[in-house]
Amino acid sequence: MDLPIVVGVDGSEPSVRAVDWAADEAALRGAPLRLVYGSLWDRYEGALLAQELHKPLEEVMARDVVGAAEERARCRRPEVKVTTEVLPEEPEHGLVRESGSALALVLGCRGRSGMAEALLGSVSLAVAGHAHCPVIVLRDSHDNQARTGVRGRIALGVGEQPAGSAAVRFAVDEARLRGVPLEAVRAWRQPPHATTGHREPARLQRQEALELLEEALRGAPAGLEVDRRTVEGHARGALIAVSREADLLVVGARRGHGHFGPRLGRVARAVLHHAACPVAVVPEPA
């Protein structure tokens, strides 16, 4: 059975943008689209609750949210099969469970104000830190529209992942399906003990970065245009910079463990907060 692209919807403008983007992605991959709304409201009688709260029924009926999202997706991509589901639970838990049988999970989030930056951690970071499939997070834009890629490239942050890692495979697939180049980026830093004027340590670090790029991309298809770039500095800054020239930034995530279970590393968290394009966080096996 074909795995779906799953979208977390909640009726907000960012989630509407996520529906548009995911519908295009589903059409690109020939995959079905599944729209999911996690809401505790559905545990109660919607009409009665609406009366008690003195609110219109549509404000408390999750079914209206997914219905509107479904109509939008069908209008945008009539060829894509669309299904919906309302989960009577918190969205973080429902979306993580959905990720176990999904090709990818798409989320929209706000990301301009300081408060929005903090709120990003409540759902998007929680899901990205626990999901079993790639999680694509779309920060909001000034016009809230999802468009076909205009920058014409997919960016990949190369860490320590081996050749054929999940992140590399995902980035290669995206570039191949879109017919655009893949830009693979590896950051390196001069050893702290190296003295000014000593070029040998820096040369060795850069050479090691190039070798890691070659190893990670060893299985890339021969017909795919791949640009390899090494950047001196922190990986976070290098990837945020390259995101300004990409339609999608792909990073692998080897999750660490904190007091509350799995959590994302600093690089993945940084690009989710600050990247200028959608970010795909791809879980790597431990």
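Refer to the preceding data block for the structure.
The text that follows walks through the structure, step by step, so that each part is easy to find. Just so it is clear, the model here is predicted, and its values are computed rather than measured.

### Examining helix 3 (residues 62-76)
Argument step 1. With 15 residues, helix 3 extends 22 Å between its outermost C-alpha atoms, agreeing within 8% with the 21 Å of an ideal straight helix rising 1.5 Å per residue.
Argument step 2. Along helix 3, the residues that are buried comprise Ala62, Val65, Val66, Ala69 and Ala73. Around the axis of helix 3, the buried residues are gathered within 85° of arc, so they sit on the same side. Across helix 3 from its buried face, at more than 90 degrees, point the exposed residues Glu71 and Cys75.

### Observations regarding the side chain of Ser243
Argument step 1. Structurally, the position occupied by Ser243 is in helix 9 (residues 235-243).
Argument step 2. Setting aside residues no more than four positions away along its own chain, Ser243 makes contact with Arg151, Leu249, Ala275, Ala276 and Cys277.

### Looking at the sheet that holds strand 1 (residues 5-8)
Argument step 1. In space, the 10 strands of this open sheet follow the order 3-2-1-4-5-12-9-6-7-8, with mixed pairing throughout. Looking along the sheet, the strands with just one partner apiece sit at the ends: strand 3 (82-87) and strand 8 (226-232). Going from strand to strand, the sheet's axes swing by 25° on average, the running direction of each strand aside.
Argument step 2. Strands strand 6 (154-157), strand 7 (182-188), strand 8 and strand 9 (248-253) of the sheet are contacted by helix 9, whose axis makes an angle of about 155° with strand 7.

### Regarding the nonpolar core
Soluble globular proteins: nonpolar side chains tend toward being buried together.
Argument step 1. Counting residues in hydrophobic clusters, the biggest one holds 47 residues, and the most contacted among them are Val7, Leu33, Val106, Ile136, Leu156, Leu182 and Val250.
Argument step 2. Sorting elements by how many residues they give to this core places helix 7 (residues 166-178) first, with seven residues.
Argument step 3. Among the nonpolar cores identified, the runner-up in size contains 35 residues, and Cys109, Cys133, Val185 and Ala275 belong to it.

### Description of the side chain of Glu183
Argument step 1. Summarising the element assignment, Glu183 is placed in strand 7.
Argument step 2. Residue class for Glu183 comes out buried when judged on its relative accessible area of 4%.
Argument step 3. For Glu183, the side chain forms a polar contact with the side chain of Arg229, separated by 2.5 Å.
Argument step 4. Those residues within four positions of Glu183 in sequence are excluded, and the remaining contacts are Arg153, Ile154, Ala155, Leu156, Asp227, Arg229, Val242 and Glu245.

The rules behind each value
- Residues numbered from 1 in each chain as written.
- Predicted model: local features only at pLDDT ≥ 70, side-chain atom pairs only at ≥ 80, totals over all residues.
- Heavy atoms only, no water.
- Helix = DSSP H or I, 4+ residues; strand = E, 2+ residues; numbered from the N terminus.
- Expected span 1.5 Å × (residues − 1).
- Buried < 20%, exposed > 50% of the residue type's maximum accessible area, 1.4 Å probe, protein only.
- Arc of directions from axis to C-beta.
- Contact = heavy atoms within 4.5 Å.
- Pairing = 2+ DSSP bridges.
- Axes fitted to C-alpha atoms, helices over the stretch in contact; angles between N-to-C directions.
- Core = buried A, V, L, I, M, F, W, Y, C linked by side-chain atoms within 4.5 Å.
- Polar contact = N/O pair within 3.5 Å; in protein donor to acceptor, adjacent residues only side chain to side chain.

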